[in-house]
Amino acid sequence: MCLPPGVGIIAAQGVNDPVPAEWGTNSGTSMASPHVAGAGALLKTLHPDWTPTEMQSALMTTAVTMGVRKDGRSTPADPFDRGAGVVDLAAIAKNSVGLVLDETEADYISANPAMGGDPKQLNLASFGNSLCVGFCSWTRTLTSVAPSTLDWTASVTNPEGWKLSVSPSHFSIMPGGTQQITVTAQAVKLPTPDWSFGQIKLTSSVGAMQAFPVALSFQTRSPRPAGNYTVTTSVDDASCDTVYGGYIDLEQYGLSPASALQGDSRYWTAFSDQNPVNFYGLDYTGFAFSDDGLIVFDNANNLGGRVYVPQSLPDAALPNNLIAMLWSDLEIIYDDGASGTQKGITLATVGKDLSIVEYDDPEVWNSGASVGDFEVVINSTVNNDPGHPEIIVAFDNLNPDALPDLATVGVESIGGKEAAAYLSNADPAVLSDGLMVCFGYQKHPGNCRDYWILDSGSVVNQKAYEATKVIFAGKDFAVGEGGNLVLQSGGIVGLFPGFRVAAGGSMSVSVDFASVCPL
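What counts and what doesn't
Think of each chain on its own: its residues are numbered from 1, step by step along the sequence as written. Local features in a predicted model are, by the rule used here, given only for residues with pLDDT of at least 70; side-chain atom pairs are given and counted only at 80 or more, and totals for whole chains, interfaces and linings are based on all residues. Side-chain numbers here rest on the full set of heavy atoms in the structure, without hydrogens or water. Salt bridge, as used here: a side-chain nitrogen of Lys or Arg that lies within 4 Å of a carboxyl oxygen of Asp or Glu. Exposed residues in this analysis have more than 50% of their type's maximum accessible area, buried residues have under 20%, and partly exposed residues fall in between, with area computed by a 1.4 Å probe over protein chains only. Pairing of aromatic rings covers Phe, Tyr and the six-membered ring of Trp, with a centre-to-centre limit of 6.5 Å; geometry is then stacked below 30 degrees between planes, edge-to-face above 60, and tilted otherwise. A run of DSSP states H or I qualifies as a helix once it reaches four residues; a run of E qualifies as a strand once it reaches two. Both are numbered from the N-terminal end. In this description, a disulfide is simply a cysteine sulfur pair whose atoms lie within 2.5 Å. Should any heavy atoms of two residues lie within 4.5 Å, those residues are considered in contact. Note: pLDDT gives the predictor's confidence per residue, expressed from 0 to 100. We call two strands paired when DSSP finds no fewer than two bridges between them.

S.K.: When you look at the pattern of salt bridges in this model, what are you seeing that I'm missing?
M.R.: Between side chains of opposite charge, pairing is possible as soon as their charged atoms come close. With the rule as written, the count across this model stands at one salt bridge. Between K120 and D118 there is a salt bridge, with the nearest N and O atoms lying 3.0 Å from each other. Classification of D118 by relative accessible area gives buried; the value is 17%.

S.K.: Would you mind showing me how to read the packing of aromatic side chains here?
M.R.: Think of a pair of aromatic rings as described by two things: how far the centres are apart, and how the planes are tilted against each other in angle. Using the criterion set out here, one finds 16 aromatic pairs in the structure. Judged by centre distance (6.3 Å) and plane angle (80°), the rings of Y280 and Y441 are edge-to-face. Taken as a pair, Y280 in the loop between β15 (277–279) and β16 (282–284) and Y441 in strand β29 (residues 436–443) lie far apart in primary sequence, 161 residues in all. Linked through ring pairs, Y229, F271, F279, Y280, Y284, F287, F297 and Y441 together constitute an aromatic cluster.

S.K.: Where do I start with the state of the cysteines in this structure?
M.R.: Linking two cysteines covalently through their sulfur atoms gives a disulfide. Within the structure shown, the criterion is met by one disulfide. Between C240 and C438 runs a disulfide, and the two sulfur atoms are separated by 2.0 Å. Residues C240 and C438 are joined through a disulfide that is right-handed, its torsion about the S-S bond being 95°. Placement of C240 in the loop between β12 (227–233) and β13 (263–264) and of C438 in strand β29 is noted, with a sequence separation of 198 residues between them. Comparing C240 with C438, the two get one shared label, buried.

S.K.: Mind showing me how you'd approach the environment of T143 here?
M.R.: You can see T143 is positioned in strand β5 (residues 134–144). Residue T143 is classed as buried on the basis of its relative accessible area, which comes to 19%. Placed 32 residues apart in sequence, T143 and P175 show a C-alpha to C-alpha distance of 8.3 Å. Apart from residues no more than four positions distant in its own chain, T143 is found in contact with G98, L99, V100, G176, G177 and T178.

S.K.: Sorry, what's going on with the confidence of the model for the chain here?
M.R.: A low pLDDT score tells you not to read the predicted coordinates there in detail. For the chain, the mean per-residue pLDDT works out to 79, and 74% of the residues sit at or above 70. Throughout residues 1–6 the model reports pLDDT below 50, and contacts reaching past four residues in sequence, or to other chains, amount to 30 contacts. Here residues 219–223 scores under 50 on pLDDT; set against residues more than four positions off or in separate chains, the count is 19 contacts.

S.K.: Mind showing me how you'd approach the sheet that holds strand β21 (residues 335–336) here?
M.R.: Consider a sheet: its strands pair through backbone hydrogen bonds, and that pairing is either parallel or antiparallel. On the basis of which strands lie adjacent, the open sheet formed by seven strands has the order β12-β29-β26-β25-β23-β22-β21 and antiparallel pairing. Strand pairing shows two members of the sheet lacking a second neighbour, β12 and β21, which therefore form its edges. The sheet contact formed by strand β25 (residues 373–379) and strand β26 (residues 391–396) spans six bridges and is antiparallel. When the bridges of β26 are listed, V377 appears paired with I392.

In structure tokens form, the structure reads like this:
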């Protein structure tokens, strides 16, 4: 959440640099940037020991929001219009700032979403979540810059459908001390999928007040999968195979690693030209794969957190919606084979339904020793016949002395709601050359876990959630043209397989999303 945009802020600019020089003026965010930079310079003279992030937090939490309106001048501005508010240097000069927040350059780099990071966890003076399903929370560390010990009290502004809380809501902090707070949003009854805005205020025992904007949305609700995967291995199941009679060495087919696929803390995307992969009952066009032995479907929403740290499955924390081949802290070393050994990642396809990702000699990060080879073979379509697994992970040329201490081999759904694992954040010494681990998809029998609403094309307003289609017990139920299935907020109802909605008709029920049929 930025500092205030520059509507109505005027700054000079050159005009085509003629001779003699001409000058013009302009208004906008670009014009506000030098004003804020100047405010930071003045603030630095008052507090030369503050870091840039501490100065930013001071400017944000003391900013003025009263009277700030949208461009039409009639509607109050929200945080996406005005940022934290209008800079008030006078408030800072009067020592109205008692708390600041700091953050490191390393944490900013680690939070980069393009590298699997999570910006929501940065220690910044604002709170936001675009996918808050039911509950979400943030943790912040406050540092006291007040000259004496102060008592602080938290208060909240709740828009419709929210319930914000701060823990602890009361605390004392001495000069130079720190206090960690957790802000939680209960949002099971948000009225719309659009952004809603709230506010956290911290008021000191001497009357100083600092405010933090909060922005929340549930743009998409993650469905609970209609099934799960079973796990077998080539040791106990003769049908667990790549269909090529074991590990597929792509080098033997004249294929080589790609030079662009190398490095540490990296991920790449591919296979968008293949038929969509059906994973946990949903179709995905292409997928992401990382240097850490991980594949993620819909990476924009499911790749995040500390990707290089293997999780036990299932785990609600990001990353989710994944296939773990040998998930651990790895790095990819590329070698074109001129030295006699190819190293890197090789991609291959067989027709439009079979995709292969092979890792040759990746190394545990900063170790200099290869763990060996592994690969995943992914069939796009689900085949429920025995002996036709959809996902096969295979191993070859393993180096027992170089394997990581902990690793994960398994699959996990959206939100970490379902999982099947052969190795769950455990010692990979159980792996061996030629071992294949197979994951076959099976739908659940009809029960509440199979129920979700398709958000695509739906309309949400303050009174009802309307959808033109639902999936229940693995079957599609269309509501008839001109009709809607209406889920009123509040209350609880237990639905069951086989309910019907007449063509052209409608049906109203009450569902507590966080209860009987959680999404």
